[in-house]
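Below, each chain spelled out in residue letters.
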Amino acid sequence: MKKIIISTIAVSALLFTTSCENDFDTDVKDIQVSKGNADFSKYVALGNSLTSGYRDGALYSDGQNESYPSMIAQQMKLVGGGDFKQPLMPDNNGGLLLNTLAGPVQIANTKLFISGFVNGSPDIKNANNNTATALVNTILTGPFNNMGVPGAKVAHLLAPGYGNIQGIATKTANPYFVRFASSPTTSVIADFKAQKPTFFSLWIGNNDALLYALAGGDATVETLTPPAQFTQYYNALINEIASTNAKGVIANIPSVTSIPSLTTVPYNPLTASVLGGGNVTVGNATIDNLNTNLYGPLSQILAAVGGAGRIKPLSKTEANPLLIVDESLPDLNVQITGAALASGNPTLIALATYLGATYGQARQAKAGDLVPLTSKAEIGTLQTLPPGVPASLGAKGIAYPFADKYVLTATEVTDVNTTIDAYNVTIKAAADAKGYAFVDANKKMVELNSQSGISFDGVRYTAKFVTGGAFSLDGVHLTGRGYAIVANEFIKSINAKYNSSLPQVNANNYSGVRFP
């Protein structure tokens, strides 16, 4: 059972928060609307999960109906915009099944929801007992105006066969695009061009960096698209779009440090209470045991072999950091093993080889390291250990160092954000070169992540997980209200560029995090 610890006081604060200041440029009021010099009769949106309306860890129909392109399209209808068709999921559970020769196989989880409260904290579970009913094999009839494809990177929008169901197993195809691709051999951009759009929106590139960040910077799990390659693919995509002569708007990419999925779990969650399951006495006994049998000896050994400060004894009065692997550190495997063998301590001698192999690049986490929200459930779970090694040393993140995929180190954070900065230079240059409207989504997300957040008609929104109102339960994707904030940024940029006067949407009219 996955539990996210949020105090009832914080939850109550969300339900009753008000603010006297409105951070939006214009309120939603009756105004004279105009299309300016744009043509909104055929609006098509390109992008990834953020464009599709994905939220709470899944794609489901209510979320799709509150996608930011759908909101924009409703405002465009006021000045001659056409219908906006989306490849809707068949239910509000989300998740995907793929029919195979061996029978249906679930390939995507259902959405997250708060089922109740345990000791005052929300209990987060998957809907429908995490049993999906939507079949990828059920192909929808298009064309579709919302062409947001969850999981897509920039290169994927250009790739022929990205909607071929035969490519799902080999990961050369995307099951969400399979559902609405016009043919198995088409590409997202080809289906976009075939619609002859008069106006488009594009928000793509997040996954080129974000998936790597959420995987803790582990390149064996996900890769970080090099900036030069990103530029090549992005410019190729923009040139394809430009060939339609459609006007449009494009957005840049938020920093990874602005989303709650990477800012909610602290680097130092190991208090005596946590280690004792809420019982401080038990937690203190655990700390004593860990200090005697692991942290104390390792601290001394590391100090003697050039790794001083990597691991220090645990405190009973302060929050302690997670134990992690940092592959950027010199590997002290041989030195640790040798020091343990020379210690004269029978226990250390017996474990010498194991200690060297396990803690050669281990250290305690520090400020600046980011712990993905998905790693929280792994803290304290048991690692299978070699014969003869005490089971008490197998608690992940506590006695057994978290693998690379569980933590994004401060160095990796810098690498990712530097790469995103390079992506954003490419995106802004493309907007300027082609004369498209530009949305600084990164700036807006930084503002949302600030202590004051942003407010709309007396309701304040922040990037705080669950209680901030803007982000859904996966900590990456937005709520309906969060998507409305994004829709308004697009609308403001469209109006400024094309002399239109599309009214903004009322963010408070859309759904936020739902409580039982």
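The structure we're discussing is the one just above.
Reading the values: the criteria
- Residues numbered from 1 in each chain as written.
- Predicted model: local features only at pLDDT ≥ 70, side-chain atom pairs only at ≥ 80, totals over all residues.
- Heavy atoms only, no water.
- Helix = DSSP H or I, 4+ residues; strand = E, 2+ residues; numbered from the N terminus.
- Buried < 20%, exposed > 50% of the residue type's maximum accessible area, 1.4 Å probe, protein only.
- Contact = heavy atoms within 4.5 Å.
- Areas by Shrake-Rupley, 256 points an atom, 1.4 Å probe, with all protein chains shown as cover.
- Lys, Arg positive; Asp, Glu negative; His and termini not counted.
- Charge placed at Lys NZ, Arg CZ, Asp CG, Glu CD.
- Phe/Tyr/Trp six-rings, centres within 6.5 Å; stacked < 30°, edge-to-face > 60°.
- Lys NZ or Arg CZ within 6 Å of the ring centre and 35° of its normal.
- Core = buried A, V, L, I, M, F, W, Y, C linked by side-chain atoms within 4.5 Å.
- Pairing = 2+ DSSP bridges.
- Axes fitted to C-alpha atoms, helices over the stretch in contact; angles between N-to-C directions.
- Parallel < 35°, antiparallel > 145°, perpendicular 65-115°, else oblique.
- Left-handed = near helix turned anticlockwise from the far one by under 90°.
- Nonpolar A, V, L, I, M, F, W, Y, C, P; charged D, E, K, R; others polar.

A. Just the overall build of the chain, in detail. Across its full length, the chain carries 16 helices and 13 strands. Scored against the burial criterion, the 516 residues of the chain give a buried share of 54%. Partitioning the intrachain contacts of the chain with sequence separation of at least 6 by distance along the chain shows that 75% fall at a separation of at least 24. Summing over all exposed atoms, the chain offers an accessible surface of approximately 21,300 Å²; the carbon and sulfur share of this is 53%. For the chain, the distance from the average position of its 34 positive side-chain charges to the average position of its 34 negative side-chain charges is 3 Å.

B. Summary view of unusual backbone geometry. Going from glycine 142 to proline 143, the amide bond is cis rather than trans, its omega being 5°. Its location among the elements puts proline 143 in the loop between β5 (121-126) and β6 (146-148). One non-glycine residue, lysine 196, lies in positive phi territory at about 50°. Note that lysine 196 resides in the loop between α6 (188-194) and β7 (199-203).

C. Here's a closer look at the environment of valine 249. Residue placement: valine 249 occurs in strand β8 (residues 247-251). The spatial distance from the C-alpha of valine 249 to the C-alpha of threonine 374 is 33 Å, given a sequence separation of 125 residues. When residues no more than four places from it in sequence are discounted, the contact partners of valine 249 are Phe199, Phe200, Ser201, Leu202, Ala437, Phe438, Val439, Phe490, Ser493 and Ile494.

D. The arrangement of the packing of aromatic side chains in detail. Per the counting criterion, the structure on display carries 17 aromatic pairs. Centre to centre, the rings of tyrosine 68 and tryptophan 203 are 5.7 Å apart; their planes meet at 65°, and the pair counts as edge-to-face. A residue pair is termed long-range when its members are at least 10 positions apart, and tyrosine 68 in helix α4 (residues 68-76) and tryptophan 203 in strand β7 qualify at 135 residues. Residue tyrosine 68 is classed as buried on the basis of its relative accessible area, which comes to 0%. Judged by its relative accessible area of 1%, tryptophan 203 is buried. Of the aromatic side chains, those joined through ring pairs into one cluster are Phe40, Tyr43, Phe84, Phe199 and Tyr498. Geometry around tyrosine 60 places lysine 111 over its ring, the cationic atom sitting 4.4 Å from the centre. The ring of phenylalanine 438 carries lysine 428 above its face, with NZ or CZ at 5.4 Å from the centroid.

E. The nonpolar core, seen in detail. In terms of nonpolar packing, the biggest core is built from 95 residues, with Leu202 and Tyr234 touching the most fellow members. In terms of residues, this core owes the most to one element, helix α16 (residues 480-498), which gives nine residues. Setting aside chain neighbours within four positions, we find tyrosine 234 in contact with Val154, Leu202, Ile204, Ile250, Thr426, Ile427 and Ala430. Residues Leu322, Leu355, Tyr359 and Ala399 belong to the second largest nonpolar core, which totals 46 residues.

F. Representation of the sheet that holds β6 in the model. Strand order in the open sheet made by the five strands is β6-β1-β7-β8-β11, with parallel pairing throughout. Each of the sheet's edge strands pairs with one partner strand only, and the pair in question is β6 and β11 (437-439). Taking the axes of each pair of neighbouring strands and ignoring which way they run, one obtains an average angle of 15° across the sheet. Examined bridge by bridge, β7 and β8 share four bridges and lie parallel to one another. Counted as the bridge partner of phenylalanine 200 is glycine 248 from β8. Each of β1 (43-47), β7 and β8 touches helix α8 (residues 227-242); the most contacted strand, β7, lies at about 170° to it.

G. Fine view of helix α7 (residues 206-214). When you tally the buried positions in α7, you get seven out of nine residues, the bulk of the element. Lining the buried residues of α7 we find α2 (49-52), β7, α8 and α14 (410-434). A positive phi of about 70° marks glycine 216, the residue just after α7.

H. Expanded view of the packing of α4 against α16. It is at 8 Å that the axes of α4 and α16 come closest, and there the two elements cross at 50°. Put simply, α4 runs oblique to α16. The chirality of how α4 crosses α16 is right-handed. Across from Tyr68, Met71, Ile72, Gln75 and Met76 in α4, the residues of α16 making contact are Gly480, Tyr483, Ala484, Val486, Ala487, Phe490, Ile491 and Ile494. Per-class residue counts for the contact of α4 with α16 are 11 nonpolar, two polar and no charged.

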